[in-house]
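The residues making up each chain are set out below.
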There are 2 protein chains.
Amino acid sequence: MADSVALDPVDLHILRLLQNDARTTYRDLAAQVGVAPSTCLDRVTRLRRSGVILGHQLRLDPARLGRGLQALLSVQVRPHRRDLVVPFVERIRALPEALSLFHLTGPDDFLVHVAVAGPAELQRLVLDAFTARREVARVETRLIFQQWECGPLLPPDAAADVPRDAVGESW
Amino acid sequence: MADSVALDPVDLHILRLLQNDARTTYRDLAAQVGVAPSTCLDRVTRLRRSGVILGHQLRLDPARLGRGLQALLSVQVRPHRRDLVVPFVERIRALPEALSLFHLTGPDDFLVHVAVAGPAELQRLVLDAFTARREVARVETRLIFQQWECGPLLPPDAAADVPRDAVGESW
DNA sequence: GATGAAATATGTGGTCC
DNA sequence: GGACCACATATTTCATC
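In the annotation of an unreviewed UniProt entry, chain A is listed under the name Lrp/AsnC family transcriptional regulator and assigned to Streptomyces huasconensis.

Structure, rendered in structure tokens:
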């Protein structure tokens, strides 16, 4: 289901361009990749069907929406049982302040990325949506100075997959 | 520059719909919002110019691209001076494994979200791109079991902004 | 903010390799 | 089987009110 998909150079070129600007038209894609627009449409349709492309997302500026303060909340949910974890996840996902949620290994079970209007709203959020709950054993709040999105996501370079002589001895 | 923008109900409705599916056509937006397609175009254009909409992003499935393992790396950059921090940020942003990068308050200066093929590649990444650098004082790696994107980002509800009687005494 | 016409993009079927 | 072309449809964009 989550198997890696074989991608040829045309697919990769299209993905790179679309990651720069997801609204690039098939006409422009075609011109830059060197194939016909219909071929681009074909490729993108297949990439969507094969699950490589999950969808298109709008990137918004939280600050312009009156949510100028972002933070990461590390949360311990204890006991870490499914009957407590599943409702916790659903509750956090439904919070208007939550942007994204990670379930992690390590001493902190969850990391929650939130955007709020300011420190007062953050304090209220921590107290009301987190520490007020019995299953939330601990919350650690870190403010975000700045965030960067990184380069385009592409398959690991084939060169990096060169087999090593002996497993566990190549590093 | 990062001031909050005044948004009317039509703007908010459009943003909500576009956050569900960023490829909704102006025609469909218009039908659902109850205005003309050209008005939707107008609104979206203004939202882009005012900086509320930063852009459109392709959501890809890292697992299908042969990057089935994701992790968060907490990194201390010491000394935490601009002449070390700025090149660090640029170097991390250029890593093909990096998805996103946070500069934070707290004992850990940076959080790096990475996607790799597997544990071996993660180990190589930590050793070669992080701990090999003199300015990287500490790295802590946590694996990501699962990630969720949360509900649409919208301005804080006006009701939540009701002024309190006394600052610092309302919670 | 709406209308409608022009420009542009998208989707389809036939054809070729 | 995949890529390309040309055509038909749908969408976006813009001038005008």
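1. Observations concerning the overall build of chain A
Along its length, chain A carries five helices and five strands. Sorting the 171 residues of chain A into buried and exposed places 45% on the buried side. Pairs at least 24 residues apart make up 63% of the contacts formed inside chain A by residues separated by at least 6 positions. When the accessible surface of chain A is totalled, it reaches about 9,000 Å², and 53% of it is carbon and sulfur.

2. Let's talk about the pairing of strand β3 (residues 98-104) of chain B
All names here are of chain B. Taking burial as the measure, the seven residues of β3 include seven buried ones, the bulk of the element. As defined by bridge partners, β3 adjoins strand β4 (residues 110-116) across five bridges and the pair is classed as antiparallel. Looking at β4, one finds that Phe102 is bridged to Leu111. Counting the residues that bridge the hairpin from β3 to β4 gives five residues, and of these Gly106 lies at a positive phi of roughly 105°.

3. A closer look at the interface of chain A and chain B
Listed per partner, the contact involves 71 residues of chain A and 71 residues of chain B. Of the roughly 7,200 Å² buried at the junction of chain A and chain B (both faces included), carbon and sulfur atoms supply 59%. Taken together, the links from chain A to chain B amount to zero salt bridges. Linking chain A with chain B are 29 residue pairs in polar contact (both at pLDDT 80 or more). Of all the secondary structure elements, the ones that give two or more residues to the side of chain A that touches chain B are α1 (9-20), β1 (53-60), β2 (69-77), α4 (82-94), β3 (98-104), β4 (110-116), α5 (119-131) and β5 (136-149) of chain A. The residue makeup of the side of chain A that touches chain B, split by class, is 40 nonpolar, 17 polar and 14 charged. In this structure, β3(A) lies alongside strand β5 (residues 136-149) of chain B, joined through five bridges in antiparallel fashion. Looking at the pairing, A:Phe102 lines up with B:Gln147 of β5(B).

4. With respect to the domain arrangement of chain A
Split by domain assignment, chain A resolves into domain 1 (9-58) and domain 2 (62-144). In this structure, domain 1 of chain A and domain 2 of chain A have C-alpha centres spaced 35 Å apart.

5. Observations concerning the pairing of β5(B)
Here strand β2 (residues 69-77) of chain B runs beside β5(B); their pairing, made up of seven bridges, is antiparallel. Each bridged residue has a counterpart across the sheet, and for B:Leu73 the counterpart in β5(B) is B:Thr141.

6. Details of the state of the cysteines
According to the stated counting rule, one finds zero disulfides over all chains in the structure shown. A:Cys150 provides the cysteine sulfur closest to B:Cys150, a residue in no disulfide bond, and the two sulfurs are 20 Å apart.

7. Re the protein's contact with DNA strand C
The local shell around DNA strand C consists of A:Thr25, A:Tyr26, A:Arg27, A:Ser38, A:Leu41, B:Val35, B:Ala36, B:Ser38, B:Thr39 and B:Arg43. Among atoms of DNA strand C positioned within 4 Å of the protein, sugar and phosphate together represent 69%. At 3.0 Å from a phosphate oxygen of DNA strand C is found a side-chain nitrogen or oxygen belonging to A:Arg27. Elements that contribute at least two residues to the surface near DNA strand C include exactly α2 (26-33) and α3 (37-49) of chain A together with α3 (37-49) of chain B. Per-element tally for the surface near DNA strand C: the top contributor is α3(B), with three residues. Among the residues making up the surface near DNA strand C, the classes are represented as four nonpolar, four polar and two charged.

What counts, and at which threshold
Position numbers for residues start from 1 in each chain and track the written sequence from start to end. Lettering for chains starts from A, numbering for ligands starts from 1, and both go in the order in which the items are written. With pLDDT at 70 or above as the cut-off, local features in this predicted model cover only qualifying residues; side-chain atom pairs require 80 or more to be listed or tallied, and sums for whole chains, interfaces and linings still use all residues. Note that water and hydrogens are dropped before the side-chain values are worked out from all heavy atoms of the structure. Counting from the N terminus, the helices are the DSSP runs of H or I reaching at least four residues and the strands are the DSSP runs of E reaching at least two. Three labels apply to residues, based on accessible area from a 1.4 Å probe with only protein chains included: buried if under 20% of the type maximum, exposed if over 50%, partly exposed otherwise in between. Contacts were defined at the residue level, with two residues in contact if any of their heavy atoms lie within 4.5 Å. Note on areas: these come from Shrake-Rupley sampling with a 1.4 Å probe, and a residue is covered only by the protein chains present in the view. For two strands to be treated as a pair, DSSP must find at least two bridges joining them. Two parts lose some accessible area (1.4 Å probe) when they are put together, and adding that loss for both gives the buried area. Whenever Lys or Arg places a side-chain nitrogen within 4 Å of a carboxyl oxygen from Asp or Glu, that contact is recorded as a salt bridge. Here a polar contact is taken to be a pair of N or O atoms separated by no more than 3.5 Å, where protein atoms must pair a possible hydrogen donor with a possible acceptor and residues adjacent in sequence count only if both atoms sit in side chains. Basically, the charged four are Asp, Glu, Lys and Arg, the nonpolar ten are Ala, Val, Leu, Ile, Met, Phe, Trp, Tyr, Cys and Pro, and anything else, Gly included, counts as polar. The domain limits used here are those given by an automatic or database domain assignment. We call a pair of cysteine sulfur atoms a disulfide when they lie within 2.5 Å. We call a residue near a molecule or strand when any one of its heavy atoms sits within 4 Å of it.

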